[in-house]
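Below, each chain spelled out in residue letters.
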Amino acid sequence: MSEVYSNVQSVTQAATKKYLFPFILVCSLFFLWAFLHNLNPILIPHLKKACQLTDTQSAFIDSSVYLGYFLIAMPAGFYMHKFGYKNGILLGLALFAAGYLLFIPAASTRNYMFFLAALFVIASGATFLETVANPYVSILGDKKTSEQRLNFAQSFNGLGAVIAPILGGQFILSGIEHTKEEFQKLSATGQLDSYLQSEANTVKIPALIMALVVIGVALLFFFTRLPEVKEPDAEAHGTEFSPKVLRHSHVKWAVIAQFFYVGAQVGVGSFFIRFSRFVMDMPEKQAAYWWGYIAMAGFMVGRFTGTFLMRYIKPAKLLSLYAVINILLLTLALASKGYVAVYAVMAVPFFMSIMFPTIFALGIKELGEETKMASSLLVMSIIGGAFAPLLMGYISDKTGGNMQIAYIVPLLCFVVVLYYGWNGYKIKTH
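What you see is a predicted model, and the numbers here were worked out from it, not measured in a lab. (Residues numbered from 1 in each chain as written. Predicted model: local features only at pLDDT ≥ 70, side-chain atom pairs only at ≥ 80, totals over all residues. Heavy atoms only, no water.)

(A) Structural view of the overall build of the protein chain. Looking only at helices and strands, the protein chain has 20 helices and 0 strands in total. The buried share of the protein chain, taken over its 430 residues, is 58%. Relative to all contacts within the protein chain whose residues are 6 or more apart in sequence, the contacts with residues 24 or more apart total 86%. For the protein chain, the exposed surface amounts to about 16900 Å²; the carbon and sulfur share of it is 68%. (Helix = DSSP H or I, 4+ residues; strand = E, 2+ residues; numbered from the N terminus. Buried < 20%, exposed > 50% of the residue type's maximum accessible area, 1.4 Å probe, protein only. Contact = heavy atoms within 4.5 Å. Areas by Shrake-Rupley, 256 points an atom, 1.4 Å probe, with all protein chains shown as cover.)

(B) Representation of the pattern of salt bridges in the model. Per the stated rule, a full pass over the model turns up 5 salt bridges. A salt bridge links Glu 284 to Lys 49; its shortest N-O distance comes to 3.2 Å. Taken as a pair, Glu 284 in helix H14 (residues 284–309) and Lys 49 in helix H2 (residues 17–50) lie far apart in primary sequence, 235 residues in all. Overall, Lys 49 belongs to the buried group, its relative accessible area being 10%. Notably, a salt bridge pairs Asp 55 with Arg 274, separated by 2.5 Å at the nearest N-O pair. (Salt bridge = Lys/Arg side-chain N within 4 Å of Asp/Glu carboxyl O.)

(C) How the structure looks around the packing of aromatic side chains. Enumeration according to the criterion identifies 24 aromatic pairs in this entry. Measuring from centroid to centroid gives 5.2 Å for Phe 259 and Phe 260, while their planes differ by 75°, and the two rings are edge-to-face. Among the aromatic residues, those joined into a ring-pair cluster are Phe 96, Tyr 100, Phe 103 and Phe 115. (Phe/Tyr/Trp six-rings, centres within 6.5 Å; stacked < 30°, edge-to-face > 60°.)

(D) View of the environment of Val 262. Within the fold, Val 262 resides in helix H12 (residues 249–270). Once the C-alpha coordinates of Val 262 and Cys 413 are considered, the two residues, 151 residues apart in sequence, prove to be 8.7 Å apart. In contact with Val 262, other than residues within four places in its own chain, are Tyr 66, Phe 356, Ile 382 and Gly 385.

(E) Summary view of the environment of Met 380. Considering the arrangement of structural elements, one finds Met 380 in helix H18 (residues 371–380). Separated by 311 residues in sequence, Met 380 and Tyr 69 have C-alpha atoms that sit 5.7 Å apart. Once residues lying within four places of it in the same chain are set aside, the contact partners of Met 380 are Tyr 69, Phe 70, Ala 73 and Met 74.

(F) Seen up close, the packing of helix H15 (residues 315–335) against helix H20 (residues 408–424). Contact geometry for H15 and H20: axes closest at 8 Å, N-to-C directions at 160°. It follows that H15 is roughly antiparallel to H20 by the angle criterion. Along this stretch, H15 crosses H20, giving a crossing that reads as left-handed. On the side of H15, the interface is formed by Ala 316, Leu 319, Ser 320, Ala 323, Val 324, Asn 326, Ile 327, Leu 330, Thr 331 and Leu 334, while H20 contributes Ile 408, Pro 410, Leu 411, Phe 414, Val 415, Val 417, Leu 418, Tyr 420, Gly 421 and Trp 422. Across the contact of H15 with H20, the residue classes tally to 16 nonpolar, 4 polar and no charged. (Axes fitted to C-alpha atoms, helices over the stretch in contact; angles between N-to-C directions. Parallel < 35°, antiparallel > 145°, perpendicular 65-115°, else oblique. Left-handed = near helix turned anticlockwise from the far one by under 90°. Nonpolar A, V, L, I, M, F, W, Y, C, P; charged D, E, K, R; others polar.)

(G) Spotlight on H20. In a regular helix each residue adds 1.5 Å, so 17 residues correspond to 24 Å; H20 covers 23 Å between its end C-alpha atoms and thus fits that length. Turning to H20, its buried residues number three or more, namely Val 409, Pro 410, Leu 411, Cys 413, Phe 414, Val 416, Val 417, Tyr 420, Gly 421 and Gly 424. Elements in contact with the buried residues of H20: H12, H15, helix H16 (338–352), helix H17 (355–363) and helix H19 (384–398). (Expected span 1.5 Å × (residues − 1).)

(H) Here's a closer look at the packing of H12 against H17. Between H12 and H17, whose axes approach to 9 Å, the crossing angle comes to 165°. Taken as axis vectors, H12 and H17 run roughly antiparallel relative to one another. In terms of crossing hand, the pair formed by H12 and H17 is left-handed. Touching His 250, Val 251, Ala 254, Ala 257, Gln 258, Tyr 261 and Val 262 of H12 are Met 355, Phe 356, Ile 359, Phe 360, Leu 362 and Gly 363, all from H17.

(I) Here's a closer look at helix H6 (residues 112–138). Along its 27 residues, H6 runs 38 Å from first to last C-alpha, staying within 8% of the 39 Å computed at 1.5 Å per residue. With respect to burial, H6 is a largely interior element, 22 of its 27 residues being buried.

(J) Fine view of the side chain of Glu 130. With respect to the helices and strands, the residue Glu 130 is situated in helix H6. With no salt bridge to any partner, buried Glu 130 finds its closest opposite charge in Arg 303, at an N-O distance of 8.5 Å. A distance of 3.4 Å separates a polar atom in the side chain of Glu 130 from a polar atom in the side chain of Trp 33. Leave out the neighbours within four places in its chain, and Glu 130 touches Trp 33, His 37, Tyr 69, Pro 135, Phe 356, Val 379 and Ile 382. (Lys, Arg positive; Asp, Glu negative; His and termini not counted. Polar contact = N/O pair within 3.5 Å; in protein donor to acceptor, adjacent residues only side chain to side chain.)

(K) Structural context of the side chain of Ser 270. The residue Ser 270 is located in helix H12 in this model. Within the local environment of Ser 270, its side chain forms a polar contact with the side chain of Asp 62, the two groups lying 2.5 Å apart. Residues within four places of Ser 270 in sequence aside, it is in contact with Pro 41, Ile 44 and Asp 62.

(L) Just a nonpolar patch on the surface, in detail. Together, Leu 101, Leu 208, Leu 212, Ile 215, Leu 219, Phe 222 and Phe 223 line one region of the surface with nonpolar side chains, adding up to about 700 Å² of accessible area. Among the elements that take part in the nonpolar patch, helix H10 (residues 204–222) stands out by supplying 5 residues, more than any other. Structurally, Phe 222 is set in helix H10. (Patch = residues over 30% accessible without salt bridge, like charges linked within 9 Å, V, L, I, M, F, W, Y side chains within 5 Å.)

(M) Representation of unusual backbone geometry within the structure. Of note, Gln 52 is a non-glycine position whose phi angle comes to about 55°, a positive value. The topology assignment puts Gln 52 in the loop between H2 and helix H3 (55–58). The phi torsion at Asp 281 lies on the positive side, around 55°, for a residue other than glycine. Note that Asp 281 resides in the loop between helix H13 (272–280) and H14.

Just geometry here; none of it tells us what the structure is for.
Below is the structure:
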């Protein structure tokens with residue numbers, strides 16, 4: 001706890017007293033959007049069952065979320081550029097709440113496309129929040145400690161990552177897992193439709209509660225005055241909102257690295273329940289609890305630990321080291337069975353924890369007003385989270401449900417992250 005306290009103290013000291021309360025308030029957003037991403041490992045097996053989907057079809061849950069990020073990131077960046085940070089946050093929270101409210105009719109109709117549309121709307125809101133919050137936090141203080149500050153703020157994302165699968169496992173997953181033969185018996189007796197509808201209905205109350213929480217946060221932001229901070233060196237770099245920012249090598253490689261990192265993160269988590277079932281026949285509720293209590297707890301602790309370690313180790317070097325460790329862990333997960341394979345995958349989130357904020361902070365360094373455009377592109381690169389699960393689901397379906405071999409996909413993604421931490425982050429002068 002002393003290390004966590006010292007992290008809090010050092011990071012908050014980096015922001016001036018003027019910016020301290022806005023910094024704390026914006027940190028709450030990191031907690032919120034964690035629910036969207038970390039409920040997906042629950043929704044994928046749940047809707048696979050309720051809507052009778054294949055692995056590939058269930059992977060479209062991730063795809064709809066990350067397609068939202070890809071399509072909305074540029075409009076979100078432009079909106080923020082034109083109307084400011086606070087208005088971007090308010091619009092993002094409004095979309096976020098609306099998407100969760102759409103879950104209720106989606107569950108009533110048990111229409112999978114309706115669910116995907118609701119997730120797209122939520123993701124659109126989250127895109128606004130991430131496009132605004134990441135750069136906003138990074139410039140609320142000394143630019144030399146921007147990586148530490150962003151990692152600290154992202155620690156609240158880690159807290160949400162712990163709570164989401166635990167609550168989802170408790171209130172969404174029923175724990176009832178029928179075999180094909182049992183499904184056939186239910187169909188023959190006319191009970192199948194009733195059972196599937198009861199499964200779909202379990203998402204209604206959690207979605208309503210989440211929508212009300214988001215509305216409450218939106219009201220808090222509405223009545224709070226947030227300072228409009230100016231990016232350092234804005235005059236030197238100009239104010240053009242243009243993809244020309246990719247002329248900077250470190251921005252271009254950050255976008256590429258973020259694409260593959262998010263693909264790895266989403267792939268590792270989204271199919272953990274299916275992976276655990278394959279390698280050791282673990283029940284879905286137990287796998288959900290393990291992912292929440294152990295893996296995501298490790299993710300949260302990793303954020304705080306990473307913030308502390310960056311006081312002594314350069315962020316890019318720590319990024320490279322963690323990428324190597326994850327490559328080794330996933331190699332072990334591919335080569336073993338039982339508890340060893342499951343433990344190896346559960347260890348990965350601890351070392352993933354610093355990757356998104358570190359790549360983000362390194363990618364927007366020394367950009368001035370172009371930070372907003374770079375932020376939009378980095379959020380767009382989250383589309384990697386749409387492709388990796390689809391590829392993993394396809395591999396599983398083509399190999400007779402072998403979800404273990406599908407984990408070669410996130411392993412290869414971490415190789416790209418390793419390159420970024422080794423060389424791609426370097427700022428090249430023109």
